[in-house]
Amino acid sequence: MRRMVLILIFILLGATFLRGWQSSSAATHPAPSGCSDVVASPDYLASNSEQDAIAAINNARAGEHLPALRLPDNFYQLDPAQQQFVLINLERTDRGLKPLRLDANLSQIARNYSRQLRDLHFFSHTSPIAGTFSERIDSNAALAGHYALAAENLAGNSVPGVGAIYEYMYDDSVEACGHRANILDPHVSLVGIGWVPGSAYGSISAQEFISPAPWNPYRGAPPIAQSSHLSIAVGTRFITSAYASLESFHAQLQHDNGNARITWFLDRVGNLPFSGADITLDLSALAPGRHTLLVYAVDGEQNYAVATARVATTI
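Residues numbered from 1 in each chain as written. Predicted model: local features only at pLDDT ≥ 70, side-chain atom pairs only at ≥ 80, totals over all residues. Heavy atoms only, no water.

Caption draft 1: Main features of the nonpolar core. Among the nonpolar cores identified, the biggest contains 34 residues, and Tyr44, Ile57, Leu87, Val162 and Tyr166 are the most heavily contacted of them. Breaking this core down by element, the ones donating at least two residues are α2 (44–47), α3 (50–62), α4 (80–93), β4 (147–156), α7 (162–170) and β5 (190–197). The element that contributes the greatest number of residues to this core is α7, accounting for 7 residues. What Val162 contacts, discounting residues up to four positions off in sequence, is Glu50, Ala53, Ile54, Ile57, Phe75, Gln83 and Leu87. (Core = buried A, V, L, I, M, F, W, Y, C linked by side-chain atoms within 4.5 Å. Buried < 20%, exposed > 50% of the residue type's maximum accessible area, 1.4 Å probe, protein only. Helix = DSSP H or I, 4+ residues; strand = E, 2+ residues; numbered from the N terminus. Contact = heavy atoms within 4.5 Å.)

As structure tokens, then:
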């Protein structure tokens, strides 16, 4: 399978972090010669106005000798994800590219991954509970083995629909215009878009792009409404020896949609990660006091659930 995925390493810098951040997992595109940032005029981030963001896009498009956006009459009544979809296809078709089709399965992945980013307070294409972009895509049974190219855009923006598109298309030099390259890639044909309100950015959104594999094409899949349900049974078996005191725990997954990835952490996400349904702790290696064992389950649609267990140690 030809998989064209690059996880871009990024650095959070003052004003960029505060005024809106985006990151791209893209095919290996060289930085285009015209990759430069256009100052938003008007400053939609100061006004938090969708109309100002559209005006800023039109101002930037004029610099490329493109006409003003021809928006549908109901544009400002659309959900931010639908707004992004409309704008993506206008940016493509006005440059002679085919429009993308919106896919429900990809949109569910995008929405649920946006929720992970917000709830777990990270901003990366690698999730502490779901793995790398490639691992996340391949964990979806409908997608695994059925795409030739896959890419992802992530954004944090206070204007979740239009603002994200402005940053992707016209303020993207920090990512070598990788977001723009994803949106304007002539090889992709499907996109999923999802967003959630909240976070330090005001909102988090994700775009998932794929090109179905000609030899084994992706057929799409309906979204799965049910989230992962996880229960954890705390083992009561203590093994004490002259060398260590051990306590075992087992995570019992209750989920109707197949297998899920299970990851354990001690006290906080990211600390001492361990994968698998069973874990054994060496209590003598822990600091005295009370600890919290966290266990997360993530399915192929990027739904996640979490359970906890208490661990007490003594000197």
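Caption draft 2: The arrangement of the state of the cysteines in detail. Counted according to the given criterion, the structure contains 1 disulfide. Disulfide pairing places Cys35 opposite Cys177 at an S-S distance of 2.1 Å. Given an S-S torsion of about 95°, the disulfide between Cys35 and Cys177 has right-handed geometry. Highlighted residues: Cys35 in the loop between β2 (21–26) and α2 and Cys177 in the loop between α7 and α8 (178–183), separated in sequence by 142 residues. Both residues of the pair, Cys35 and Cys177, count as buried. (Disulfide = S-S within 2.5 Å.)

Caption draft 3: Structural context of the pattern of salt bridges. Summed over the entire model, instances satisfying the criterion amount to 9 salt bridges. For Arg180, the salt bridge identified is with Glu64, shortest N-O distance 2.9 Å. Residue Arg180 is found in helix α8, and its partner Glu64 is found in the loop between α3 and α4; the two are separated by 116 residues along the sequence. Residue Glu64 is classed as partly exposed on the basis of its relative accessible area of 32%. For the salt bridge of Glu135 with Arg261, the shortest nitrogen-to-oxygen distance reads 3.6 Å. (Salt bridge = Lys/Arg side-chain N within 4 Å of Asp/Glu carboxyl O.)

Caption draft 4: Region of interest: the pairing of β4. Burial analysis of β4 places 10 of its 10 residues in the buried class, the great majority of the element. Sheet topology places β4 next to strand β6 (residues 203–212); 9 bridges connect them, and they run antiparallel. What sits directly across from Leu154, in β6, is Ala206. (Pairing = 2+ DSSP bridges.)

Caption draft 5: Seen up close, the environment of Ala251. Here Ala251 lies in strand β8 (residues 245–254). Each C-alpha atom of the pair Ala251 and Thr263 lies 9.7 Å from the other, and the pair is 12 residues apart in sequence.

Caption draft 6: Summary view of the sheet that holds strand β9 (residues 261–266). What the 4 strands build is an open sheet, ordered β10-β9-β12-β13; its pairing is antiparallel. Each edge of the open sheet carries a strand with a single partner, namely β10 (274–275) and β13 (304–313).

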